[in-house]
Amino acid sequence: MANQEQALAERLQTLRREIHFHNYRYHVLDAPVISDYEFDRLLAELRQIEAEYPEWVTPDSPTQRVGSQPAERFVKVRHPAPILSLANAFGVQDVRLWYERVVKVDDRVANTDYVVEPKIDGLSVVLHYRTGQFVQGATRGDGEVGEDVTTNLRTVRSLPLRLPVDPHGPQPPPYLVVRGEVFINIQDFDDLNRRLEEAGEKTYLNPRNTAAGSLRQLDPGLTASRPLNLLVYSIITGEGDLPVTQTGTLELLRSLGFPVTRHYSHHVTLDQVMEVCQSWDARRSELPFEADGVVIKINDLRLAADLGFVGKDPRGAIAFKFPAQEVTTRLINIGVNVGRTGVLTPYAMLDPVDIGGVIVKQATLHNFDYIAEKDIRLGDLVRVKRAGEVIPYIIGPVEELRSGDEKPFLPPQTCPTCGEPVENLSGEVAWYCVNAACPAQLIRNLEHFVSRGAMDIVGLGIKIVEQLVANGLVHDVADLYTLKKDALLQLEGFAEKKADNLLQSIEISRSQPLPRLITALGIRGVGEVVAADLSRYFTDLGLLSHASQEDLQTIEGIGPNIAQAIVDWFARPANRLVLEKLYKAGVWPKVAVSPQPAAGTQSLLGLTFVVTGALPTLSREGVKEFIQEHGGKVTDSVSKKTSYLVVGEAPGSKLEKARQLGIHFLDEAGLRRLAGER
Ligand code: IVH
């Protein structure tokens, strides 16, 4: 191997090690030590080396988490040992009965200790490692034979592809098979559903079904797009010295780099165990995932194994189940909400009912298809579930208890707020109110515009938003900036001071930076992160409004759907009017001092550029000439005086420097636009 090649091969190894480590810090320990940006750069560098030397790509490379072809079907795999189930205890008295049974089988149980772990409501998986490499992963299946879902499991970020993750950690046994649970955190699930709802797509019922469905996707690309998580809790088999206790197992797994719950506890008496079970029941909402109970395990694994099984349930462990957070109540009516994007969402109005100490009066019904699929009728008795922080939802009707008076529900043909006809876009399950002037949409839009992550207009809550709309003072978000004190004083509850305060808050919001204004516009799929990415490329809304779908897709993190949504948003006449009004009102933040792009040769006058990386069409000399022809200056190094860094493929260290100095980035398309090319 030539010297240079040797150096690259070494760099590749270092990069992989570092990326695995940072991935672990982020996804397992939740304690990253570098920024996302720096992480992305490491990954980009690795990708570049692998693109140059495809023969160096190995399955455990961090670039290989996604990217495999969809499979036709899953291959069956026989587990190396039976993947057992658990008997249930439905209260502490059942725990005591379990103890009394097992102590009779083996009196050593009288002196044993226990581990209590959350019982994660997910999907059991079996993971095989050879010489530290993740080589196979399977679902539990029937406990004897499961399905090979290796490629899908690779997309789970917290799953270590190579052990030990920390190079200073202990060496793994040469062969190791572990068991864990794949699941989705409640927060991630809610975010996923919110995004789907905004995009007019079907929302998911609960985290467990979503995790199970995602893991059994034939297309790993789809699995990768779901926020799957993993926690590992036992060793099925392995070579070499294996721990003889459950606490030892959890510690070893953790030190190898597996994600292990930090919510387990170790107890020396059964009374302690029962106490902790009861306290978990009350504290279950502290867990970031859905748990349907806790698992009590005899800590001495050899004793547990000696106790044997009853059917598929080992005697050495038992599941203490939390009471189901599921009740039956009457569906009184179905209401329909209109969202910010005009999407209509049905919700259930219920006979109020106590679920796990919380009175539930409403529940989500997802979409109109869901009501039809489940044949949910007005007046039905319905099963309602509320688990953790998940929004209560209707599982389905209790058809056996129908009186015959129940009425089928028909989706509205007109918007419940403005009365205009509703539309169903092809390929989407959602119905939309497409009336841009619909007050319900306007209210949601305004609510979003003034919210904390957006323009942050303090003191402008939902009540005032509703008042402004109802009294015709505001017809779009831009009208906020031309509100007059006299008009405000006409509103109920408004006196001098309140009006002054509100106007002052609105005034302050004018100086919000560009990413916040982009977020505030409420474009589908454009949250704070995407808005920040966009403002790295486009200096103001004018430039962004002219971006083509192709331009947008060149930005990392922006896929075809978001790019399309952005282009569509700016194409709508009502939105163009809002932009014009914002511009006229002076609400037009710019990222760097720059002239408005104007056609003509001197459009870059007064601006200084630095170029890094290879541009798609312009050569190094070509870009220099282009900038100079348009009146701009090109220098070699980034400084505070640099107006823009023009970034191409494989940028160098200038990018980092520019980022530190807060210098604005442009790609070639952005540069051309700035120069006035259309
Ligand atoms: S131990 C012999 N520990 O619960 C050991 N299971 O109802 C059997 N589960 O199929 C499993 N969290 O999928 C164990 N901390 C945990 C668990 C757990 C969730 C699941 C597992 C199992 C089911 C049994």
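Residues numbered from 1 in each chain as written. Predicted model: local features only at pLDDT ≥ 70, side-chain atom pairs only at ≥ 80, totals over all residues. Heavy atoms only, no water.

1. Description of the nonpolar core
Item 1. Within the largest apolar cluster, 72 residues are counted, with the highest numbers of intra-cluster contacts made by L480, Y481, L534, L541 and F609.
Item 2. It is helix α20 (residues 560-571) that provides the largest number of residues to this core, a total of six residues.
Item 3. With sequence-adjacent residues up to four places away left out, L534 is seen in contact with I518, V526, L544, L552, I555, I558 and I566.
Item 4. Residues L153, F189, Y233 and L253 belong to the second largest nonpolar core, which totals 33 residues. (Core = buried A, V, L, I, M, F, W, Y, C linked by side-chain atoms within 4.5 Å. Buried < 20%, exposed > 50% of the residue type's maximum accessible area, 1.4 Å probe, protein only. Helix = DSSP H or I, 4+ residues; strand = E, 2+ residues; numbered from the N terminus. Contact = heavy atoms within 4.5 Å.)

2. A short note on the pairing of strand β16 (residues 358-364)
Item 1. Note that strand β15 (residues 343-355) and β16 share six bridges and pair antiparallel. Bridge pairing in β16 places M349 opposite Q362.
Item 2. Taking the residues that link successive antiparallel strands as the turn, the β15-β16 hairpin has two residues, and the phi of G356 there is positive, at about 55°. (Pairing = 2+ DSSP bridges.)

3. Quick notes on the sheet that holds strand β3 (residues 114-120)
Item 1. Pairing is mixed across the open sheet formed by five strands, whose spatial order is β2-β13-β10-β3-β9. Among the strands making up the open sheet, the edge pair consists of β2 (88-89) and β9 (265-267).
Item 2. Judged from the two bridges that link them, β2 and strand β13 (residues 317-321) form a sheet pairing that is parallel. Within the sheet, the bridge partner assigned to N88 lies in β13 and is A319.
Item 3. Packed on one face of the sheet, helix α8 (residues 246-256) meets β3, β9 and β10 (291-298) and runs near 55° to β3.
Item 4. Across the sheet, helix α9 (residues 270-283) lies against β3, β9, β10 and β13, angled at about 20° from β3, the strand it touches most. (Axes fitted to C-alpha atoms, helices over the stretch in contact; angles between N-to-C directions.)

4. Comments concerning the pattern of salt bridges
Item 1. Throughout the structure, instances matching the rule amount to 30 salt bridges.
Item 2. Among the ionic pairs, K485 bridges to E496, the shortest N-O distance being 2.9 Å. Highlighted residues: K485 in helix α14 (residues 485-489) and E496 in helix α15 (residues 496-509), separated in sequence by eleven residues.
Item 3. Close ionic contact of D500 with K485 constitutes a salt bridge, the shortest N to O distance being 3.0 Å. With D500 in helix α15 and K485 in helix α14, this pair connects stretches of sequence that are 15 residues apart.
Item 4. Exposure remark for D500: the relative accessible area of 35% places this residue in the partly exposed category.
Item 5. The structure contains a network of salt bridges with shared partners spanning D375, R377, D380 and R402. (Salt bridge = Lys/Arg side-chain N within 4 Å of Asp/Glu carboxyl O.)

Nothing here speaks to function; it is geometry throughout.
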